[in-house]
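One-letter residues, chain by chain:
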Amino acid sequence: MARLLAAVDLEETLERVVATARYLQGGLSMPAELLHVVPSVYFEALARRFPEIAQELEEALSLAEARARKALEETGLPARVLRGFPAQVVAGEALKSRLVLLGQRGTGTLEALARGTLARYLLHRGEVPVLLLPKALEGVRRIAVGLDDSPASLAAFRVAEAWGKALGAEVFGLHLVSGEGGCCFPTYLDPGRLSLSQVLEQARVHLEALLQATGVVEVAPGEREVDLLRLAQTRKADLLVLGSKAKSTWRHRLGRMVEVLAQESPLPLLVVPEATVW
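Not measured: the values here are computed from a predicted model. (Residues numbered from 1 in each chain as written. Predicted model: local features only at pLDDT ≥ 70, side-chain atom pairs only at ≥ 80, totals over all residues. Heavy atoms only, no water.)

Comments concerning helix α5 (residues 117–125)
Our working definition: Categorising residues by exposure relies on relative accessible area from a 1.4 Å probe, with only protein chains included: less than 20% of the type maximum marks a residue as buried, more than 50% marks it as exposed, and the intermediate range marks it as partly exposed. Think of it this way: any DSSP run of H or I at least four residues long counts as a helix, any run of E at least two long counts as a strand, and we number them from the N terminus. What makes two residues a contact is simply this: any of their non-hydrogen atoms within 4.5 Å.
By the burial criterion, the buried members of α5 are Leu118, Ala119, Leu122, Leu123 and His124. On its buried side, α5 packs onto α4 (86–94), β4 (99–103), β5 (130–133), β9 (239–244), α9 (256–264) and β10 (269–273). Positioned one or two residues after α5, glycine 126 has a phi angle of 60°, which is positive.

Set out below in structure tokens:
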């Protein structure tokens, strides 16, 4: 059975990740499981170098596992505590999951890395959607999808549609048009021969034709990636969804929009790999 995997530490983001896991397991009809990784690699290396203290190190790791397991059991959600290098362990468990949740802006082992090693590792692998949580997601009325004309963007919109149906939320697309040298120059048009209003209208028609939907795309001028974030906030989005190209290209990897907004977004951000089918 598909599951929702919430990778947690025991610091300040634990409550928001747990609250989101509870909400989504009901809304998406998907069982949630908490995963905590005890970073044991350093202790194991110490035990090899200093075998005379190996037993004490093992006892310390076992105690840490027991305390962490007890703390997670108090949430009422199924939980596991494993040892290893957090990024590798979480990535391995992600392959058995349909969605991974990560807290952000914490100070614990996993959350401190959520803007760096762990989140980037999972996002660059491009194997499963990752929901980054700068705050809890406990209700969704409006889902904004950052759009371009790439297959990754279209995949993200389809996943957002499925979430919208399951959660009873409105789904809409947002697309920026910039000048040459900006974040979002419309290479699929010939802007030099068109007025701004014509560019915006033709971009909207082009994207809605790709989506095979009407009335769901808003196109606005914007020169920087954060302009998409501001537009989503203005439209009162509860969740922002972006497509990831990580599996389909080595040159651009995640895409500049994902790279920037994974760092900047105060909204929960769902990053959807191009090959995802929900």
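Concerning the layout of surface pockets
We count it as follows: A cavity here means a set of points on a 1 Å grid, drawn over the protein atoms and nothing else, where a 1.4 Å probe fits but cannot get out; a pocket is an open set with protein on both sides within 12 Å along at least five of seven lines, and a residue lines either one if it has an atom within 4 Å of a point. Grid points are joined across faces, edges and corners, and a volume is the space filled by probe spheres set on the points. Asp, Glu, Lys and Arg are counted as charged, while Ala, Val, Leu, Ile, Met, Phe, Trp, Tyr, Cys and Pro are counted as nonpolar; the rest, among them Gly, fall into the polar class.
Approximately 590 Å³ is the volume attributed to the largest pocket. Asp148, Cys183, Cys184, Lys245 and Met257 are, among the 26 residues lining the largest pocket, the residues nearest its centre. The set of elements that each furnish at least two residues to the lining of the largest pocket consists of β7 (170–177), β9 and α9. Classifying every residue of the lining of the largest pocket gives 13 nonpolar, 8 polar and 5 charged.

Section: the packing of aromatic side chains
To keep it simple, the criterion reads: Only rings of Phe, Tyr and Trp enter the pairing, Trp through its six-membered ring, and a pair is recorded when the two centres are within 6.5 Å. The plane angle decides the type: under 30 degrees is stacked, over 60 is edge-to-face, the rest tilted. Lysine NZ or arginine CZ positioned within 6 Å of the ring centre and within 35 degrees of the ring normal marks a charge as sitting over the ring.
Within this structure, the stated rule accounts for 2 aromatic pairs. Over the face of the ring belonging to tryptophan 278 we find arginine 98, whose NZ or CZ atom lies 4.3 Å from the ring centre.

A short note on α4
Most of α4 is tucked away, with 7 of its 9 residues classed as buried. Those residues of α4 that fall on the buried side of the exposure criterion are Pro86, Ala87, Val89, Val90, Ala91, Glu93 and Ala94. Where α4 is buried, its residues meet β1 (4–7), β2 (32–39), β3 (79–84), β4 and α5.

So, the pattern of salt bridges
Rules: Within this document, salt bridges are pairs made up of a side-chain nitrogen of Lys or Arg and a carboxyl oxygen of Asp or Glu, the two lying within 4 Å of each other.
Per the stated rule, a full pass over the model turns up 18 salt bridges. Put simply, lysine 96 and glutamate 93 hold a salt bridge, and the shortest N to O gap is 3.2 Å. Its relative accessible area of 54% is what places lysine 96 among the exposed residues. A cluster of three or more residues bridged by salt bridges with shared partners is formed by Arg3, Glu33, Arg80, Glu93 and Lys96.

Topic: the nonpolar core
Soluble globular proteins: nonpolar side chains tend toward being buried together. Condition: Residues belong to one nonpolar core when they are buried, are Ala, Val, Leu, Ile, Met, Phe, Trp, Tyr or Cys, and are joined through side-chain atoms within 4.5 Å.
Residues Leu101, Leu131 and Trp163 are the most contacted members of the largest nonpolar core, which totals 50 residues. Counting residues per element, this core draws most heavily on helix α6 (residues 151–167), at 6 residues. The residues touching leucine 131, leaving out its near neighbours within four places in the chain, are Thr20, Leu24, Leu99, Val100, Leu101, Leu102, Leu137, Trp163, Leu239, Pro268, Leu269 and Leu270. Formed by 40 residues, the second largest nonpolar core is a distinct cluster that contains Leu5, Ala94, Val226 and Leu228.

What to know about the packing of helix α1 (residues 14–27) against α6
Just so we agree on the cut-off: Axis lines are fitted to C-alpha atoms, over the contacting stretch for helices. Their N-to-C directions set the angle, which ranges from 0 to 180 degrees. Convention used here: angles under 35 degrees read as roughly parallel, angles over 145 as roughly antiparallel, angles from 65 to 115 as roughly perpendicular, and any remaining angle as oblique.
Running from N to C, α1 and α6 point in directions that differ by 85°, and their axes come no closer than 9 Å. By the angle between their directions, the pair α1 and α6 is classed as roughly perpendicular. In this structure, α1 contributes Tyr23, Leu24 and Gly27 to the contact, and α6 contributes Trp163, Ala166 and Leu167. Tallied by class, residues from the contact of α1 with α6 come to 5 nonpolar, 1 polar and no charged.

Re the packing of helix α2 (residues 41–49) against helix α3 (residues 54–73)
As a reminder of what qualifies: The sense of a crossing depends on the near helix, which, turned anticlockwise from the far helix by less than a right angle, makes the crossing left-handed and, turned clockwise, makes it right-handed.
For the pair α2 and α3, the least separation of the axes is 9 Å and the interaxial angle reads 165°. The pairing of α2 with α3 is recorded here as roughly antiparallel in orientation. Like other packed secondary-structure pairs, α2 and α3 cross with a definite hand, here left-handed. Packed against α2, whose contacting residues are Phe43, Leu46 and Ala47, the element α3 presents Ala54, Leu57 and Leu61 at the interface. For the contact of α2 with α3, the class distribution of residues is 6 nonpolar, no polar and no charged.

A short note on the environment of alanine 152
Position of alanine 152 among the secondary structure elements: in helix α6. Spatially, the C-alpha atom of alanine 152 lies 16 Å from that of tyrosine 188, the residues being 36 residues apart in sequence. Apart from the residues lying within four places of it in its own chain, the contact partners of alanine 152 are Gly243, Ser244, Lys245 and Glu274.

Considering the environment of leucine 28
Among the secondary structure elements, leucine 28 is positioned in the loop between α1 and β2. Remark: the alpha-carbon pair of leucine 28 and isoleucine 143, spanning 115 residues in sequence, is separated by 15 Å. In this structure, leucine 28 is in contact with Leu99, Trp163, Ala166, Leu167 and Trp278, ignoring residues within four places of it in sequence.

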